[in-house]
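Residue strings, one per chain:
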Amino acid sequence: CIAPYADAAQLLIKADQLGLDVPIICDSVINTPEFLSLTGDLSNGIVFFNTFRDDNPDPNYQTLKKLYEEKTQNQTDIYVVNAYDCLWVLVEAAKAVGHNRAAIRDYIAALDGFQGVSGEISIDANGDREQAFYVIEIRNGTFVYKENY
């Protein structure tokens, strides 16, 4: 299911009401306490992947998490972490090459090993970010990290 967490929760509830007994695989948008609250035991066994780990021990991530959650009263998630990293990549690019759009684009395209709060950021020949992702299963109302890729 690819939907905002509230919609994904409604899909799961409706599947249960219809008696569907099939494996459920979702994307990272369900990685919220709100999804778990809406679905309860229905979410047990759901598997999804994410490029973000809330238990990341990196001190920079922990500082971001603390400040963000104190200020907003919301949980840090993949969107917060990616926005933070994007901003810092742009800042570093501008510091390195000035305010030239083409030079900033080339700097970002050549990123290799930039350490963001989401992990190491490298860009491949296709312009895609190379990054680890984590397989997560919901068990007894908690997110359990199964494997890293």
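Our subject is the structure that appears above.
Quick caveat, the model's predicted, so the values are computed rather than measured.

S.K.: Tell me what's going on with the layout of surface pockets, and back it up with residues and numbers.
M.R.: Within this model, the largest pocket holds a volume of roughly 180 Å³. Taken together, the residues of the lining of the largest pocket sort by class into 8 nonpolar, 2 polar and 2 charged.

S.K.: Break down the side chain of Asp 58 for me, citing the residues and quoting the values.
M.R.: Tracing the chain through its elements places Asp 58 in the loop between strand E2 (47-50) and helix H3 (59-72). A polar atom in the side chain of Asp 58 sits 2.9 Å from the backbone nitrogen of Tyr 61.

S.K.: A description of the pairing of strand E4 (residues 119-123) should follow, citing residues and the corresponding values.
M.R.: Pairing analysis gives 3 bridges linking strand E3 (residues 114-116) to E4, with the strands arranged antiparallel. Bridged to Gly 116 within E4 is Gly 119. Between E3 and E4, which pair antiparallel one after the other, the connecting turn spans 2 residues. Alignment of E4 against strand E5 (residues 129-130), held across 2 bridges, turns out to be antiparallel. By the bridge assignment for E5, Ile 123 is matched with Arg 129. Joining the antiparallel neighbours E4 and E5 is a turn of 5 residues, in which Gly 127 adopts a positive phi near 90°.

S.K.: Quick one: what's the story with the packing of aromatic side chains, residue by residue and with numbers?
M.R.: What the rule picks out here adds up to 5 aromatic pairs. Measuring from centroid to centroid gives 5.9 Å for Phe 52 and Tyr 61, while their planes differ by 70°, and the two rings are edge-to-face. The burial state of Phe 52 is the same as that of Tyr 61; both residues are buried. With centroids separated by 6.3 Å and ring planes inclined at 90°, the aromatic side chains of Tyr 134 and Tyr 145 adopt a geometry described as edge-to-face. With a gap of 11 residues between them, Tyr 134 in strand E6 (residues 134-139) and Tyr 145 in strand E7 (residues 142-148) connect regions that are remote in the sequence. The exposure class of Tyr 134 is buried, given its relative accessible area of 15%. The positively charged end of Arg 53 is found above the aromatic ring belonging to Tyr 134, 5.2 Å away from the centroid. The aromatic ring of Tyr 145 is capped on one face by Arg 53, whose charged end is 3.8 Å from the ring centroid.

S.K.: Please give an account of the packing of helix H4 (residues 78-97) against helix H5 (residues 101-109) that cites residues and values.
M.R.: To characterise two packed helices, one gives the angle between the axes of the helices and the distance between these axes. Remark: H4 packs on H5, axes separated minimally by 9 Å, with the N-to-C direction vectors making an angle of 120°. Classified by the interaxial angle, the pair formed by H4 and H5 is oblique. Considering the relative orientation of H4 and H5, their crossing is right-handed. Here Val 89, Leu 90, Glu 92, Ala 93, Ala 94, Ala 96 and Val 97 of H4 come into contact with H5, specifically with Ala 103, Ile 104, Tyr 107 and Ile 108. For the contact of H4 with H5, the residue count by class is 10 nonpolar, no polar and 1 charged.

So, how was this worked out
- Residues numbered from 1 in each chain as written.
- Predicted model: local features only at pLDDT ≥ 70, side-chain atom pairs only at ≥ 80, totals over all residues.
- Heavy atoms only, no water.
- 1 Å grid on protein atoms, 1.4 Å probe; cavity = no way out; pocket = protein on both sides within 12 Å on 5 of 7 lines; lining within 4 Å.
- Points joined across faces, edges and corners; volume = space filled by probe spheres on them.
- Nonpolar A, V, L, I, M, F, W, Y, C, P; charged D, E, K, R; others polar.
- Helix = DSSP H or I, 4+ residues; strand = E, 2+ residues; numbered from the N terminus.
- Polar contact = N/O pair within 3.5 Å; in protein donor to acceptor, adjacent residues only side chain to side chain.
- Pairing = 2+ DSSP bridges.
- Phe/Tyr/Trp six-rings, centres within 6.5 Å; stacked < 30°, edge-to-face > 60°.
- Buried < 20%, exposed > 50% of the residue type's maximum accessible area, 1.4 Å probe, protein only.
- Lys NZ or Arg CZ within 6 Å of the ring centre and 35° of its normal.
- Axes fitted to C-alpha atoms, helices over the stretch in contact; angles between N-to-C directions.
- Parallel < 35°, antiparallel > 145°, perpendicular 65-115°, else oblique.
- Left-handed = near helix turned anticlockwise from the far one by under 90°.
- Contact = heavy atoms within 4.5 Å.

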